[in-house]
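Structural overview
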Amino acid sequence: MMQYDNDPKPSGNLLDDATVELKGMAKGGMRHPSTKPVLTGAAVGAVAGAVLPIVSLPVGLLAGAGYMLYKRLRP
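Report follows, based on the coordinates. Note that the structure is a prediction, hence the values are computed from the model and not measured.

1. Topic: the overall build of the protein chain
- Along the backbone of the protein chain there are 3 helices and 0 strands.
- Starting at the N terminus and ending at the C terminus, the protein chain contains elements arranged as α-α-α.
- For the protein chain, with 75 residues in total, the buried portion stands at 28%.
- Carbon together with sulfur atoms contributes 69% to the accessible area of the protein chain, which is approximately 5400 Å² in total.

Here's what the structure looks like:
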């Protein structure tokens, strides 16, 4: 993957990028730009988990948060 000069995200390993992002979110709290979208995704996933009969609330929460974190890393 080619990285351009104006690319805000590093083009490294997804796991390494996620680790850096999660550490930044832990240190920055609500001031970090990724915290609010990831929490919103967790809330939407939790609601979907509560409504859908197959998916439980914790699974929906983790899936929603994971999806939004992935979209923040790889738009």
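2. A few points about the side chain of Thr35
- Looking at the secondary structure, you find Thr35 in helix α2 (residues 35-51).
- Given a relative accessible area of 8%, Thr35 falls into the buried group.
- Separated by 2.7 Å, the side chain of Thr35 and the backbone oxygen of Gly29 make a polar contact.
- Beyond its immediate chain neighbours, meaning those up to four positions away, Thr35 contacts Met25, Gly29 and Met30.

3. Topic: the environment of Thr40
- Mapped onto the elements, Thr40 comes out in helix α2.
- When the C-alpha positions of Thr40 and Ala65 are compared, they lie 7.7 Å apart, and in sequence the two are 25 residues distant.

4. Observations concerning helix α1 (residues 14-28)
- Taking 1.5 Å per residue as the helical rise, α1 with its 15 residues ought to reach 21 Å, and the 21 Å between its terminal C-alpha atoms agrees with that figure.
- Along α1, the residues that are buried comprise Asp17, Ala18, Glu21, Met25 and Gly28. Around the axis of α1, the buried residues are gathered within 105 degrees of arc, so they sit on the same side. Set apart from the buried face of α1 by more than 90 degrees, the exposed residues are Leu15, Val20, Lys23, Ala26 and Lys27.
- In this fold, the buried residues of α1 make contact with α2 and α3 (57-73).
- Looking one or two residues beyond α1, the residue adopting positive phi is Gly29, at roughly 65 degrees.

Parameters and conventions
- Residues numbered from 1 in each chain as written.
- Predicted model: local features only at pLDDT ≥ 70, side-chain atom pairs only at ≥ 80, totals over all residues.
- Heavy atoms only, no water.
- Helix = DSSP H or I, 4+ residues; strand = E, 2+ residues; numbered from the N terminus.
- Buried < 20%, exposed > 50% of the residue type's maximum accessible area, 1.4 Å probe, protein only.
- Areas by Shrake-Rupley, 256 points an atom, 1.4 Å probe, with all protein chains shown as cover.
- Polar contact = N/O pair within 3.5 Å; in protein donor to acceptor, adjacent residues only side chain to side chain.
- Contact = heavy atoms within 4.5 Å.
- Expected span 1.5 Å × (residues − 1).
- Arc of directions from axis to C-beta.

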